[in-house]
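Here are the chains, one letter per residue:
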Amino acid sequence: MRVVIAGGGTGGHTSAGLAVAATLRERGGTDVHWIGSRSGIEARRVPAAGLAFHPIAVGKLRRYWDWQNVPDLLWRAPAGVVQSWRLLRRLRPSLLFATGGFVALPPALAARALGIPIVVHEQTAVPGLANRIVARFARRIALSFPISAAALPTARTILTGNPLRPELLSGSRESACRRFGLEPTLPIVYVTGGAQGSHRLNRTVGEIMEPLLDVCQVIHQCGDNAETADHAWLAGRAQSLPPERRRRYALLGYVGAELGDVYAAADLIVGRSGAGTVNECLHLAKPAIYIPLPGASGDEQTANARLVEAAGGGVLLPQASLTAAALLDTVTRLVTDRAALRAMGERARSLAVPDAAERIARLIFEVARA
């Protein structure tokens, strides 16, 4: 059987697809291909996973004015549909698995035109525009959270959870401490703004760097945005610290294969609440301070964070309330009670579905055989 996975653009959409791909290949007898964007995170991670990758043009679905809307709607999106149609005619898959987001929409439209069955996965608590479109003609809709069903055709929805990449389960705190020169017995906070980083979060952490390092060690993934120059600014701040404090701070532009070790080392996560970050924290029982990205589609990041906070697995800190004092106070309050932190992590884990990848793989086989 041949399955084509479509999606990317963000780490969340890519990670879920890679987890499902790994499960499909473990079963044997399944040829997996991937259609994604040329410049998204999937263009790097999918070939690295040993999957056949087919790049297409994509156009983002923005519901606000941006000059990129013109080429996206008039050229990139239609070109992506045509490219996908040609690819799918050549590949002749049994099924298309759409991981959600604007990258998955052109292949899904092409699959619809060719009569190829579609399974779509909704990763957040609030379905995005692309998934609401694809859900109209998808055979089945896999949900990460029950709350998503309200905006989708419930007769075709099934709760599968959101899968985790298997390699994240084998991380080592000791390996991370050796890599970054950290002390294993002291609390470690992992700060992340996603692959691109978060300018607001980076600058806030930089403002409180010295008092923050009085209470914990920090692994900080800040992105490498040339416009904001956050990496250079943070490196300069760290360099001015006393040596004993400087050793407690590890700065990275991007976290790659070492992510499993970073998560294993972290006692607390501070970051956005996109589907990828939230899902990783839930599966790995990591308590978190979530700072939702303002203006995200349907305010989905706030909905994700509220869901975890309601279960007692995290703290929601809106960006409007993100000040240096507020962040320092919240981190200090949490890391000084590590037993409470561990309990918070276990409550977060209660929202995860451990066999999500297997559930989605079973659904794919059922739809393909039907």
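Summarised in this report is the structure supplied together with it. Quantities reported herein were computed from a predicted structural model and do not represent experimental measurements. (Residues numbered from 1 in each chain as written. Predicted model: local features only at pLDDT ≥ 70, side-chain atom pairs only at ≥ 80, totals over all residues. Heavy atoms only, no water.)

## Points about the overall build of the protein chain
Here is step 1: Looking only at helices and strands, the protein chain has 16 helices and 13 strands in total.
Here is step 2: Against the 2.2 N^0.38 benchmark of 21 Å for 370 residues, the protein chain shows a C-alpha radius of gyration of 21 Å, consistent with a compact globule.
Here is step 3: Principal-axis analysis of the C-alpha atoms places the extent of the protein chain at approximately 65 × 40 × 35 Å.
Here is step 4: Counting only residues that meet the buried cut, the protein chain has 56% of its 370 residues in that class.
Here is step 5: Residue pairs in contact within the protein chain that sit at least 24 positions apart in sequence constitute 67% of those at least 6 positions apart.
Here is step 6: A distance of 8 Å separates the average location of the 42 positive side-chain charges in the protein chain from that of its 29 negative side-chain charges. (Helix = DSSP H or I, 4+ residues; strand = E, 2+ residues; numbered from the N terminus. Rg over C-alpha atoms; globule rule 2.2 N^0.38 Å. Buried < 20%, exposed > 50% of the residue type's maximum accessible area, 1.4 Å probe, protein only. Contact = heavy atoms within 4.5 Å. Lys, Arg positive; Asp, Glu negative; His and termini not counted. Charge placed at Lys NZ, Arg CZ, Asp CG, Glu CD.)

## A word on the packing of aromatic side chains
Here is step 1: Applying the stated criterion to the full structure yields 1 aromatic pair.
Here is step 2: Sitting over the face of the ring of Tyr254, Arg44 holds its NZ or CZ atom 4.6 Å from the ring centroid.
Here is step 3: Positioned above the aromatic ring of Trp233 is the side chain of Arg203, whose terminal nitrogen or guanidinium carbon lies 4.2 Å from the ring centre. (Phe/Tyr/Trp six-rings, centres within 6.5 Å; stacked < 30°, edge-to-face > 60°. Lys NZ or Arg CZ within 6 Å of the ring centre and 35° of its normal.)

## Comments concerning the sheet that holds strand S3 (residues 52-56)
Here is step 1: Strands sit in the order S3-S2-S1-S4-S5-S6-S7 across an open sheet of 7 strands; the sheet is parallel. The open sheet has two edge strands with one neighbour each: S3 and strand S7 (157-159). Recorded for the sheet is a direction-independent mean angle of 25° between the axes of neighbouring strands.
Here is step 2: Where strand S2 (residues 31-37) lies against S3, 5 bridges are found, and the strand directions are parallel. Within the sheet, the bridge partner assigned to Gly36 lies in S3 and is Pro55.
Here is step 3: Its contacts with the sheet put helix H1 (residues 11-27) on strand S1 (2-6), S2, strand S4 (95-98) and strand S5 (118-122), and the angle it makes with S2 is roughly 170°. (Pairing = 2+ DSSP bridges. Axes fitted to C-alpha atoms, helices over the stretch in contact; angles between N-to-C directions.)

## Side note on the pattern of salt bridges
Here is step 1: Within this structure, the stated rule accounts for 10 salt bridges.
Here is step 2: A salt bridge links Arg2 to Asp31; its shortest N-O distance comes to 2.7 Å. Of the two residues, Arg2 sits in strand S1 while Asp31 sits in strand S2, which places them 29 residues apart along the sequence.
Here is step 3: On the basis of relative accessible area, Arg2 is assigned to the partly exposed category, the value being 29%.
Here is step 4: Of the charged contacts, one joins Asp267 and Arg173 as a salt bridge, the two residues approaching to 3.4 Å between their closest N and O atoms. Pair noted here: Asp267 is in the loop between helix H11 (259-265) and strand S11 (268-271) and Arg173 is in helix H6 (residues 173-180), with a separation of 94 residues, a long-range link. With respect to class, Asp267 is no different from Arg173; both count as buried.
Here is step 5: One salt-bridge network, held together by shared partners, links Arg165, Glu167 and Glu280. (Salt bridge = Lys/Arg side-chain N within 4 Å of Asp/Glu carboxyl O.)

## Considerations on the nonpolar core
Here is step 1: Phe180, Tyr190, Ile219, Tyr263, Ile269, Leu282 and Tyr290 are the most contacted members of the largest nonpolar core, which totals 31 residues.
Here is step 2: When contributions to this core are tallied by element, the ones reaching two or more residues are H6, strand S8 (188-192), strand S10 (249-252), H11, helix H12 (275-283), strand S12 (288-290) and helix H13 (300-310).
Here is step 3: Top element by residues in this core is H11. It accounts for 4 residues.
Here is step 4: With near-sequence residues (within four places) excluded, Leu282 lies in contact with Phe145, Val308, Ala348, Arg349, Leu351 and Ala352. (Core = buried A, V, L, I, M, F, W, Y, C linked by side-chain atoms within 4.5 Å.)

## Regarding the pairing of S5
Here is step 1: In terms of burial, S5 is largely enclosed, as 5 of its 5 residues are buried.
Here is step 2: Following the backbone out of S4, through helix H4 (residues 105-114) and into the adjacent parallel S5, one traces a crossover that is right-handed.
Here is step 3: Pairing analysis gives 4 bridges linking S5 to strand S6 (residues 140-143), with the strands arranged parallel. Considered in S6, the bridge of His121 is made with Ala142. (Right-handed = clockwise from strand over helix to strand, strands pointing away.)

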